[in-house]
Amino acid sequence: MGPAPAGEQLPEATWKSKAMEPALESTGKERKKATSRKRAVPGSPVEGFLQPVKLSQEELYKEPTNEELNRLRETEILFHSSLLRLQVEELLKEVKLSEKKKDRIDAFLREVNQRVMRVPSISERELTDQAWLPAGVRVPLHQVPYTVKGCFCFMPPAQVTVVGSYLLGTCIRPDINVDLALTMPREILQDKDGLNQRYFRKRALYLAHLAHHLAQDPLFGSVRFSYTNGCHLKPSLLLRPHGKDERLVTIRLHPCPPPDFFRPCRLLPAKNNVRSAWYQGQSLAEDGSPEPPTPHYNTWILQDVALESHVQFLSTTLGSTQGLKDGVALLKVWLRQRELSKGLGGFSGFLVSMLVAFLVSTRKIHSTMSGYQVLRNVLQFLATTDLTVNGISLCLSSDPSLPALADFHQAFSVVFVDSSGRLNLCADVTASTYHQVQHEARLSMALLDSKADDAFQLLLMTPKPMIRAFDHILHLHPLSRLQAACHRLKLWPELQDNGGDYVSAALGPLTTLLEQGLGSRLHLLVHSRPPVLEWDISQDPPKHKDSGSLALGLLLRPEGLTSVLELGPEADQPEAAEFRQFWGSRSELRRFQDGAIREAVVWEAASMSQKRLIPHQVVTHLLALHADIPETCVHYVGGLLDSLIQGFKQTSSTGEEALAAAVRCYDDLSRLLWGLEGLPLTVSAVQGAHPVLRYTEVFPPTPVRPVSSFYKHLRERASLLPRPDKPCPAYVEPMTVVCHLEGSGQWPQDAEAVRRVRAAFQLRLAELLTQQHGLQCRATATHTDVLKDGFVFRIRVAYQREPQILREMRSPEGMISLRDTPASLRLERDTRQLPLLTSALHGLQQQHPAFSGVARLAKRWVRAQLLGEGFTDESLDLVAAALFLHPEPFTPPSSPQVGFIRFLFLLSTFDWKNNPLIVNLNNELTAEEQAEIRSGFLAARTQLPIMVIITPQDRKSSLWTQDGPSAQILQQLVVLAAEALPILEKQLMDPRDSGDIRTVFRPPLDLYDVLIRLSPRHIPRHRQAVDSPAASFCRGLLREPGPSSLMPVLGYDPPQLYLAQLREAFGHLALFFYDQHGGEVIGVLWKPTSFQPQPFKASSTKGRMVVSQGGELGTVPNVEAILEDFAVLGEGLVQAVEARSERWTV
Amino acid sequence: MVARRRKRAARDAEEGIPSPPGYSAIPIKFSEKQQASHYLYLRAHSVREGTKSTWPQKRTLFILNVPPYCTEECLSRLLSPCGPIQSVELQEKPDLAESSKEPKSKFFHPNPVLGFQVAYVVFQKPGGVLAALTLKGPLLVSTESHPVKSGVHKWISDYADSVPDPEALRLEVDSFMEAYDQKIAEEEAKAKEEEGVPDDEGWVKVTRRSRRPVLPRTEAASLRVLEREKQKRARKELLNFYAWQHRETKMEHLAQLRKKFEEDKQRIELMRAQRKFRPY
């Protein structure tokens, strides 16, 4: 029961040695486990820090060896920097297969080969007669329609060959797969097997028989079915070793036809191999119309045929050049991080290898290039080439019988023809997927060109799941609705081609439909690929609808979002009919101001948050109109978090409008100030210095209209006062505005006198504003409060030279030197840096309309975790700004939701110990300056706060994080963010689970020693709580403008006043945590070090008492009296004080 | 907790309240309602020979651990039974000197929030100190007859007090500035008088206001001069002119690369330790 949290109360100076151990360790095992799992904290604490490098003079300047010079030159030519080179080498070491494992896999492969060859044959029988199949095995194929003519018999494969990346040495961890091609003996197949899925039926039966026999072998840990690349006509058999090697490798068996069995000319893209008569179960088409081509079906057969030749081709090209192989491995990592390589129609590792081979053949890549250069060149190629328009081909022959590229374009959306000239390698890749690849390649190239320090990290180590990468996500669920959609969209030929896979068939037309409808609002639309499922051999293969839901990700274009109008052609144009047909009943004729009468669609959206959700309206309307997908099947994830920053009773807006109204009022006020007559010095500049004026106040202010009976009046000073017998009045925070005056030599040069003159200016300002503009004003020595249109502004007059005067120090010799003092720094911060920051962020909001929402959600979350007071407003705003200014590897967020998710991601992954967060406002810092800042940071690490945020205006000191957070608070926030992120992402990505989105906003309370419960009556912002109370108290406000023009009660927030008292009286004994937005609980954490008995000292008896322990006198905190003090100090506010732990017992 | 409290109460009754040598402890509570109490530690104020202290010896009582809700008036009322009191002063930490008598302007120095404090109580007679040391307590800060505000009531009255009176502020500013102007005018007159007049050793003082003003003696100015000198010298220097200069530049470049390489290696080492190279 000793004083517990070990990392909790460390003096500031020693945090570097011990801090960052998961703070608050003792708070329960679960939390601890989570921490250690999520963030592997390096073993010894000092190791976690980068030390400035110390090399002796001798070492630095010794003569270079040849080897060293060579390496340096190589680094310069082949890599971008030595750091990148080292990083790439490390990464490759990590993903490559070790020799030892290779040996084990090889041994296993030999075993497999023997077993497969020993599987007994069965005699010939009809394909439809499947009674011979043992009970434990099901055919891994949907046999629709069931009847197929033909016979099947089983014989061991004629040949077993290893194909794919394992042979090439480019397979990467995790999920090591070895592909084995089993060449079926010619006797199994018969003429015209390519027709009507007969080949695929035989292939499936072949696998079923194999599976039955292999499953009985104890060598294998698991024998399961899966689909080859997600293609549901082509199952494959997965074999995993038994015992501890189970995770080592997965062997995939792919049956394939003997070479030269199929006549290639029958499998060209324009040919039909699935007859409608057979597929639709009707007699021959009456009208004699030509059979539709089945390009995808043909490709799937061709893929099997070409398995071996592709491997041979790749091994001759990539063969023995290590650089190319490294490049392929890097590209695979790159694709994997972007979730592009998996599923049907993914941009697989095989495709990328082929692409490298293509670039080698066109001499764009040379075999001496390093892996990094290969990566770069491939990305460059992808970024600049559009394979949906200009396909590429590996085929060199000019045989006229081969189809032209244009023929391929007709049949497929993405074209990359292999060396045979007949097979499109990208047949399953949809246009959206390719555009996503292209988009990613472009982003990555921009990142590489920017020479950013952490390019490697962002490019290859940062995962980009859909929920984090796209602004809005849309789930279609259940998938069976797509079957109806296919019929509505008349996609019968596609269904026939895809063998009944309605998801794949509908995907292309649906994405095109939505892309057209979203038009200028959309930057990119991508779809999730159905995952490759695995199933037990005794089960039926999964249905198409079993692959969960289809998710579409929208990357929005912020400039297009603001328009509520879809402008169509003029009514008499022929396109008008088309437009009407596309938009259906939403299209209406409208007359515009320029006299034109046009077709148009108008969406209902009043506020910014509603405008952001117009894509939702568009999508549901178009899907219902054209694809028969009702609204209930569309689960749109775009504004689910909006409710957290919506004010009370303002469900239609997320506050951007209210903030803009406040800013407009401020603009009016500054105009008044500029035009003010009668001030001894004219106003030269008015600058905002409050979160409202940079759009980041969580709950924007509303105009105050006090009910006069609710307050006590102080008539002579025209002010309202709170009354003890009423609930606490509404909280009004004055918005700080800094007012600079023109320069003058008349100012006194003494700090005290300057303050008096400033006070005189404040008085005069109040007087003039009242006289000339009839505004209610109240002047104090440091500021003037002005009531304008219901908003209260706090004007602070600033004298430019005052910080300088505060800094001046006179040495004994009479030399005047300037030294920073706490007072001068504070003044400088409040009157110079804060306005600069405010205007920079105000500018950022104009560029990125989502900034406000992101920053406010982020602050709302941090405060809801009760950690708000550890962080300044500005520091959190800057972290949010970093998401927009340095979005790599993403694009700047266009919706608060994705921005908030990335905020959590940044918090949970950023290494604050070794990196400053550079927020390059207005792009003022050059790359060299940033490098300089980084090296300066390392040198001065020990003097800097734990969280360092650098801006162009503040390049050294990290002004906004100087007074906190402490290492422990930051660590706690990091842990909370790491916990919240997966929960939130899961909630948003799962359309079935409609869990409470506020879960991640509720703080854990079990870790506090004492909870102080407050009475809602005296919490003025009670309505802002995460779980907004159903009823609260009247706060003395009118709905309509009232007659009272008295100054409302300003900045009166009892919980804050209470906390200030608590911290002053007991700050040395405990930490206090509170959510300023309507929190009903104050969490108290005792500081364990102050609970050790200490010898009696006159200077440290605060709140302690003397006890004798074993005859010795010592002092310990007087906890019982302190607990009662909590109640005494907060009389009226405190409802209960709950001591929840006995950890303080000495 | 209750059990412990009872035990402690029993112990207190047996041994008396433990107190450090030289001090006596008096329990103090906010009001009757509270159960546990804080302890004031009292001692007669005395300093070692030779140390200066403005507090009168023998008559001053030094009190530690005064709770935040206990004001000077309160303390004065609680100790008045011991004898007539001359003054009570609360301070944040022990301080031998009395604070300056001049009252601070309430406009420019707002009341700070209070925590635990120490007090110096000066009695009119030395007997008061002795009487106070033997007080039994528990003292009550807030009683029926003299209630002390806390919580919401205190905050409301604080808020009312913080609403300033502009007229009073104006008066204070005016009087301060008048005094200040006068002081400046006097200084200037004095400077004017001394202008051009050599002192005892024949030195003439030259100031900003003199007929031929001089560079102000500030650190910034002297730095500026140094910087200008340095630039001038740098302009004259030839770069990569001699062979040795060339060699040295090359070597310097190499050294930079080596240093960078070392730094990078360290960074990699750290990332490896943090398993930053596992892309899954």
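As the structure is a computational prediction, the values presented were derived from the model and not from experiment. (Residues numbered from 1 in each chain as written. Chains lettered and ligands numbered in written order. Predicted model: local features only at pLDDT ≥ 70, side-chain atom pairs only at ≥ 80, totals over all residues. Heavy atoms only, no water.)

1. What to know about the nonpolar core
Residues and elements named next belong to chain A. Ranked by internal contacts, the top residues of the largest apolar core, which has 129 residues, are L210, L237, L253, V356 and F416. Counting residues per element, this core draws most heavily on helix α8 (residues 198–215), which supplies 10 residues. Residue-level mapping places this core at the junction of two domains, with at least three residues from each of domain 1 (67–94) and domain 2 (97–261). Counting residues in hydrophobic clusters, the runner-up holds 82 residues, among them F699, I997, L1007 and Y1008. (Core = buried A, V, L, I, M, F, W, Y, C linked by side-chain atoms within 4.5 Å. Buried < 20%, exposed > 50% of the residue type's maximum accessible area, 1.4 Å probe, protein only. Helix = DSSP H or I, 4+ residues; strand = E, 2+ residues; numbered from the N terminus. Domains from an automatic or database assignment.)

2. Focus on the UniProt feature "domain: Nrap protein" (unreviewed entry) in chain A
Residues and elements named next belong to chain A. Mapped onto this structure's residue numbering, the UniProt feature "domain: Nrap protein" (unreviewed entry) falls at residues 178–317, 324–462, 468–627, 641–846, 848–1003 and 1006–1136. For residues 324–462, the end-to-end C-alpha separation is 23 Å, with 53% helix and 3% strand making up the annotated structure. Helix makes up 41% of residues 468–627 and strand 23%. Its end C-alpha atoms lie 28 Å apart. (UniProt positions renumbered as here; feature names shortened; annotations may be inferred.)

3. A few points about the sheet that holds strand β4 (residues 177–183) of chain A
Remark on secondary structure: sheet strands pair via backbone hydrogen bonds, oriented parallel or antiparallel. All names here are of chain A. With respect to topology, six strands assemble into an open sheet ordered β3-β4-β7-β6-β5-β12, the strand pairing being mixed. Two strands lie at the open edges of the sheet, namely β3 (159–163) and β12 (534–536), each paired on one side alone. With direction set aside, neighbouring strand axes in the sheet form an average angle of 35°. As judged from the seven bridges shared by β4 and strand β7 (residues 250–256), these two strands associate in the parallel manner. Bridge pairing in β7 links L180 to L253. Together, β3, β4, β5 (220–227), β6 (235–241) and β7 form the strand contacts of helix α6 (residues 99–117), whose direction differs from that of β4 by roughly 25°. (Pairing = 2+ DSSP bridges. Axes fitted to C-alpha atoms, helices over the stretch in contact; angles between N-to-C directions. Contact = heavy atoms within 4.5 Å.)

4. Some remarks on the side chain of A:H212
All names here are of chain A. Assignment of secondary structure puts H212 in helix α8. Taking the relative accessible area as the measure of exposure, H212 reaches 18% and is therefore buried. At a separation of 3.4 Å, a polar atom in the side chain of H212 contacts the side chain of Q216. Look past the residues within four positions of H212 in its chain and what remains in contact with it is P134 and V137. (Polar contact = N/O pair within 3.5 Å; in protein donor to acceptor, adjacent residues only side chain to side chain.)

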